[in-house]
Amino acid sequence: MAITLGVVMDPIGDITFHKDSTLAMLQAAQRRGWALRYMEMADLYCRDGMAMARMAPLQVMDDAQCWYRLGQAEEGPLHQLDVILMRKDPPFDMEYIYATYLLELAERRGSLVVNRPASLRDANEKVFTAHFPQCTAPTLISRRQQQLRAFVHEYQEVILKPLEGMGGASIFKVSASDPNTSVILETLTAHGSRYAMAQRFIPEISAGDKRILLIDGEPVPYALARVPARGELRGNLAAGGSGVGVELSARDRWICEQVAPTLREMGLIFVGLDVIGDFLTEINVTSPTCIRELDQIYGLDIAAQLMDAIERRLSQE
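Let me sum up the structure you'll find in this document. Note that the coordinates shown come from a computational prediction; the quantities given were computed from them, not determined experimentally.

1. Some points on the packing of aromatic side chains
- Scanning the model with the defined rule gives seven aromatic pairs in all.
- On the numbers, 4.8 Å between centres and 40° between planes, the contact of F92 with Y96 is tilted.
- With relative accessibility at 31%, the residue F92 sits in the partly exposed group.
- What makes Y96 buried here is its relative accessible area of 1%.
- Arranged with centres 6.4 Å apart and planes meeting at 40°, the rings of Y98 and Y101 form a pair that is tilted. Of this pair, Y98 and Y101 both sit in helix α2 (residues 94–108), separated by three residues, roughly a single helical turn.
- By relative accessible area, Y101 is classed as partly exposed at 41%.
- Members of the aromatic cluster, connected to one another through ring pairs, are F17, W67 and Y68.

2. Regarding the nonpolar core
- Counting 39 residues, the largest nonpolar core has L5, L26, M307 and I310 as the members making the most contacts within it.
- Ranked by the residues each element gives to this core, the list is headed by helix α8 (residues 302–316), at seven residues.
- Excluding residues that lie within four positions of it along the chain, L26 makes contacts with L5, V7, M9, I12, L36, L58 and V60.
- Counting 37 residues, the second-largest nonpolar core is a separate cluster that includes A53, F128, V271 and V275.

3. A short note on helix α1 (residues 21–31)
- Burial analysis of α1 places nine of its eleven residues in the buried class, which makes it a mostly covered element.
- Of the positions making up α1, those classed as buried are S21, T22, L23, A24, M25, L26, Q27, A28 and A29.
- Its side-chain oxygen 3.1 Å from the backbone nitrogen of T22, D20 forms the N-cap of α1.

4. Thoughts on empty space enclosed by the protein
- As enumerated under the stated definition, the model contains one cavity of 30 Å³ or more in all.
- Its volume calculated, the largest cavity comes out at about 60 Å³.
- Around the largest cavity sit M25, L85, M86, R87, V114, N115, F270, V285, T286, P288 and L306, which together line it.
- Grouping the constituent residues of the lining of the largest cavity by class yields eight nonpolar, two polar and one charged.

Basis of the calculations
Residues numbered from 1 in each chain as written. Predicted model: local features only at pLDDT ≥ 70, side-chain atom pairs only at ≥ 80, totals over all residues. Heavy atoms only, no water. Phe/Tyr/Trp six-rings, centres within 6.5 Å; stacked < 30°, edge-to-face > 60°. Buried < 20%, exposed > 50% of the residue type's maximum accessible area, 1.4 Å probe, protein only. Helix = DSSP H or I, 4+ residues; strand = E, 2+ residues; numbered from the N terminus. Core = buried A, V, L, I, M, F, W, Y, C linked by side-chain atoms within 4.5 Å. Contact = heavy atoms within 4.5 Å. Polar contact = N/O pair within 3.5 Å; in protein donor to acceptor, adjacent residues only side chain to side chain. 1 Å grid on protein atoms, 1.4 Å probe; cavity = no way out; pocket = protein on both sides within 12 Å on 5 of 7 lines; lining within 4 Å. Points joined across faces, edges and corners; volume = space filled by probe spheres on them. Nonpolar A, V, L, I, M, F, W, Y, C, P; charged D, E, K, R; others polar.

Rendered as structure tokens:
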């Protein structure tokens, strides 16, 4: 079965070669003989109700000095692609949403989009955890500073964060006695005009914020625990955390079982769960990472497993 796979991503020349999960996916697809087509956000457009794109043939190499080669780009309908990987990194802004509208037009004409465009819009990576309260620590989402402040006093130590953040940006730990609580709440909520999330502080963050990868609802049996640097609260690798491989615990697997049916139903084929201690904290659906790190530690080929899942989905179309 000849398969053509397109990818929408940030500039491929700017990626970090040794850790980029999208590159791992493209290499896995190429090893199967799939034809690759490369797109950036500006290459997508719509003409008379048909999603179109400027697409360049792409060849990828396992070479830190030269990892890609692009051919002559051509204009064409997006639905001519069998599979489209939506791997544009956040921010999840209106431009991202507009792109999902275009991808959805291609999906309606037969392309498999990973992950499903409508579900990318529906599944905010923080708010989506509210669908699984049995898996989460006590959590409040609100604009009201008084309500958020009462939550802080109820649990004494709380994490406050914006709903649209990534990479550990604008995450605060506050206590009931913290004199900065008011200004933090004013900043996060923009004086009550934006929603913010409060979660009871989970002290097990010292052992790492685990990234668990699920492929069509099935978890990779190992997670990458992102351990905070000394004197740091956040485990995010972008915030200086270090990655340590860990085997999934019974609780981790239980959380995956709770979430997996919904992910499958929503067409969220490649997802990263963030788990601290015994609690689910985020569900990452836009462009989950950590493939390379887990492959290197455990000798896995996670991207190949993803391509297997994509092939199964295509056979069901």
